[in-house]
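Residues per chain are reported as follows:
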Amino acid sequence: MVTLLCCGPKMAACGIVLSIWGVIMLVLLGIFFNVHSAVLFEDVPFTENDFQDKNPPQEIYRLYEKVSYNCFIAAAIYALLGGFSFCQVRLNKRKEYMVR
Amino acid sequence: MALIFQSEEMCLVQLFFQSESGYCCISELGELGLVQFKDLNPGTTAFQRKFIKEVRRCEEMERILFALLFFLPDPLQSVIEKVDKDLKEINSSHEALKRNLTELLEMKYLLQMIQDFFEETPIDLPDRLTFSSHSLTPSSLSSLCRFVAGVIKQERFPAFERVLWRVCRGNFFLRHSEIQARFEDPVATVEILKKEVFIIFLQGEQFKGKIGKICEGFGLTASHSKALNHCFICDHVILVFFSPKVLNQTNEHRHNVLTSAAVNIQNWKTKVKKMKAIYHTLNLCSIDITQKLVIAEIWCPVSDLSEIHSALIKGSEKSGSSLHPVLHRIESQQTPPTFNRTTSFTSSFQTIIDSYGVGDYQEINPAPFTIITFPFLFAVMFGDCGHGLIMTLFATWMILQEGHFKRLKNELSDTLFSGRYILLLMGLFSVYTGLIYNDCFSKSLSIFASAWNVRAMFQPTGPWTNHTVHSSVTLQLDPVSPGVFSGSPYPFGIDPIWNLSSNKLTFLNSYKMKMSVIFGVVHMLFGIMLSLGNYIHFREPRNILLQFVPEVTFMLALFGYLVFLIIFKWCAVPSSASRRAPSILLHFINMMMFSYPESSDSFLYGSQKRVQIFLVVTALLMVPWMLLVKPLIILKEQKKEQRSTKELVSWQKKRNSESIQHLEVNMGDVFVHQAIHTIEYCLGCVSNTASYLRLWALSLAHAELSEVLWKMVPHVALSARAYLGSLMLTVIFAIFAILTVTILLIMEGLSAFLHALRLHCKFAGVPVTLFAEFSPEMSQ
């Protein structure tokens, strides 16, 4: 059976920290994009055509929401990564106990 | 807690204790770590001290311990020496056993070969058979001739054979075979040797002698036919069988001795170090004539006298002496050493201040103020609430994991760990300034509604039309137009709309530069106020008049007025007058050059010309006051003193005088000293105010770095129109996180830390003796 332990203790800890930070920050970014925050306007991928809209801000709002969904999906990926790192941490701890 | 504002009050105490209890008392005092011993035998060299023998013994023990460590992969003297002796014995017996084993093994193979040889049938003659005349069968050989048998290294065998041939002229019969097992070379245990067994049949006594000599020359032990018989074989076999067991047991014993030593070795090292320190200290004390009493002089804080007394009593009881030590406080004209009592929280700030120079005895200690000013100045330069939050969390984690960190001995993590409280405060203040600058990972937070309104710029209320919007590259919001600026500014911090504007830097630069100058002037004034505190404490009212007043006036007249101008302009000039707003820089320069324009409409307020002339003249008058008045007064006093020699006046600060005799004051020195002080102060004012502009420079650098990082990293992923945008975002966020930590947190953090340190160096004092408490554990 292939060993499930592939990261060392330090890498797993870094993984957990990065995942927690990623989840929190990406969820917040997603929420801010969802409420069409003006400060994040420059990060929305609009083009010249979007300004020829018949129904003024709706196209831009749609783009905002698309980015926010991207952020939420990325946050979910980080949550999975966090879970994986946490398992690695537990496996590392168990290995430490067994060697002693 | 008024204690930490000044260094502790110290007193000189004489201790008398019996010689027998000397060791225990000093060890108790060492545990306390509150006293500093004065050297009472300053004239003696190291060899003349009384306890030199004991110090030598301790050093010998340290040497043995160090050698012991070499064997380990990591009371006292007799225990240590016994372990040393044991180890030497074990090593030598190990060597001997190994040698024996090798010999016996060789013998075993030899006997086996001979056995085989004699059991062979006569018909099988081996290939390499050398004999002289008749063909002899092996069985007849054994009855007629003698034989010599032995073991030789395989590589030397050809040489051996050749020598034998030449010496015996071919009158022998040699048989040899290789031993299958491998031998370890006892000298260099790495080599594995191949050995061969040989047996030589010969005729005649002379040959035996010759061959014996040849074997000696080759360094082999050869055995003769008489010695080999079956019983011998059995004995040898038994011995060979048991030797490995004996060897194993020796190995095990050695291993046990070493492990038991390893358990104790750290303890022993500590104990020996403590002993050495105690004997060094005993060398500092003086022994009286009767050889029964030890006298020591110590500096200690007044508030700890009772603790020291009880420690001494404990020490004397431990050593079983009946008399308690005597504490006797004596007066001294010497300046006591400076001692600042610190907790684990304040110690890191105290270290920062001490690195510039320790203050004089009982001067005001700037460390408690540094607890706030240092993190604050750092935060002004670092100002980003996202990064500040990460810093705070990291510092909190370090504080909570104190136990784990204390066990790590890595130098880098030690430095980081000892600054954990500083990091915590820096992080908290950074969050605060980040909220004021409204900067979180380079984006602003709109906690409240912005005070600017873009819609009001359009047609009915403002000048813009649809056409304006489509045909311009940039548009500027005009706060004078009704409704654009709501009139009540953003409640806390910078308005988030500035984050989207392209002239953000023009506004922020002006704001941050002025803010830096204000902070600089306030910080410097605060430093001068501390010196006022010193003058009051040391009761030097003359200094207040001669130094403090002109310093403060100079500073306030010039730079205080500059601060006033800044704040006045912020408050009094409305946005409708923004086109003709006066430039503070130009006004300040003109003020110093006394050049005023003809028309009076560019002034900030009515009587500006008169006020400014008055202030500059006052400031200029302060310079000769600082430069000349004090030395002239000293000169006058000296003349008066020379006339009446009975009067005892010392103009030097009392705390620097070594003796009560009055000092001849060299007038030239006084004038030069005062001139240096004046120039240093005046020029320092100007240069320090300018150097506070680094607060602006670094915060600008941090903001720009942060913005560039956002534009180059997450922006790429967020503005991707592709469907795999979320995967890209995942990877890019990891890169963003790593770059944020390394560049923005570590690099910028260290840079801001360094500059904040530089801004604090004005609190440095004259280097004076720091209280060096006697505490052997702390030297580890």
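Note that this is a predicted model, so its numbers are computed, not measured.

**Q** How would you sum up helix α10 (residues 367–382) of chain B? Please name residues and give values.
**A** The first and last C-alpha atoms of α10 of chain B sit 22 Å apart over 16 residues, in line with the 22 Å expected at 1.5 Å per residue. Most of α10 of chain B is tucked away: 13 of the 16 residues are buried.

**Q** A description of the interface of chain A and chain B should follow, citing residues and the corresponding values.
**A** With 25 residues of chain A at the contact, the number on the chain B side is 25 residues. Considering only the surface of chain A that becomes buried against chain B, W21, V39 and D43 of chain A emerge as the three largest contributors, covering 29% of it. For the pair chain A and chain B, the interface holds one salt bridge. The residue K443 of chain B makes a salt bridge to D43 of chain A at a minimum N-O spacing of 3.7 Å. Viewed at the interface, chain B and chain A are joined by four residue pairs in polar contact (both at pLDDT 80 or more). Breaking the side of chain A that touches chain B down by element, the ones donating at least two residues are α1 (9–34) and α2 (56–99) of chain A. Among the elements that line the side of chain A that touches chain B, the one with the most residues is α2 of chain A, at nine residues. For the side of chain A that touches chain B, the per-class residue count stands at 18 nonpolar, three polar and four charged.

**Q** Can you lay out the pairing of strand β7 (residues 195–202) of chain B for me, pointing to particular residues and giving the numbers?
**A** All names here are of chain B. Most of β7 is tucked away: eight of the eight residues are buried. Here β7 shows two buried faces, one formed by K195, V197, I199 and F201 and the other by E196, F198, I200 and L202. Bridge count between strand β4 (residues 172–178) and β7: seven bridges; the pairing is antiparallel. Considered in β7, the bridge of S177 is made with V197.

**Q** Lay out the pattern of salt bridges with the relevant residues and their values.
**A** Residue and element names in this part refer to chain B. If you walk through the whole model with that rule in mind, you get 11 salt bridges over all chains. Measuring nitrogen to oxygen at the nearest pair gives 3.1 Å for the salt bridge that ties K318 to E28. By relative accessible area, which is 8% here, E28 ends up buried. Members of the salt-bridge network, linked through shared partners, are R56, E59, E62 and K276.

**Q** Before we move on, could you go through helix α8 (residues 305–318) of chain B and cite the residues and values that matter?
**A** Residues and elements named next belong to chain B. Taking 1.5 Å as the rise per residue, α8 with 14 residues should run 20 Å; its terminal C-alpha atoms sit 20 Å apart, in good agreement. On the buried face of α8, the contacting elements are β1 (10–18), α1 (19–32), β10 (293–301) and β11 (326–330). With its phi angle positive at about 80°, G320 sits one or two positions after the end of α8.

Quick notes on the rules
For every chain, the first residue of its written sequence is number 1, and the numbers climb from 1 along that sequence. Chains carry letters from A onward and ligands carry numbers from 1 onward, assigned in written order. Local features in this predicted model are restricted to residues of pLDDT 70 or higher, and side-chain atom pairs are both shown and tallied only at a pLDDT of 80 or more, whereas totals for entire chains, interfaces and linings draw on every residue. Side-chain numbers here rest on the full set of heavy atoms in the structure, without hydrogens or water. Under the DSSP-based scheme used, a helix requires at least four consecutive residues in state H or I and a strand at least two consecutive residues in state E, with every element numbered from the N terminus. Expected span of a helix: the number of residues minus one, times 1.5 Å. Type-normalised accessible area, obtained with a 1.4 Å probe on protein chains alone, sets the label of each residue: buried when under 20%, exposed when over 50%, and partly exposed for intermediate values. In this analysis, two residues are considered to be in contact whenever any of their non-hydrogen atoms come within 4.5 Å of each other. Buried area counts how much accessible surface, traced with a 1.4 Å probe, disappears from two parts once they are put together, with both parts' losses summed. A pairing counts as a salt bridge when a side-chain nitrogen of Lys or Arg comes within 4 Å of a carboxyl oxygen of Asp or Glu. Identification of polar contacts relies on pairs of N or O atoms within 3.5 Å, with a donor-acceptor requirement for protein atoms, meaning one able to donate a hydrogen and the other able to accept it, and with residues adjacent in sequence counted only if both atoms are side-chain atoms. When residues are grouped by polarity, Ala, Val, Leu, Ile, Met, Phe, Trp, Tyr, Cys and Pro land in nonpolar, Asp, Glu, Lys and Arg in charged, and all others, Gly among them, in polar. Here, strands pair whenever DSSP counts at least two bridges between them.

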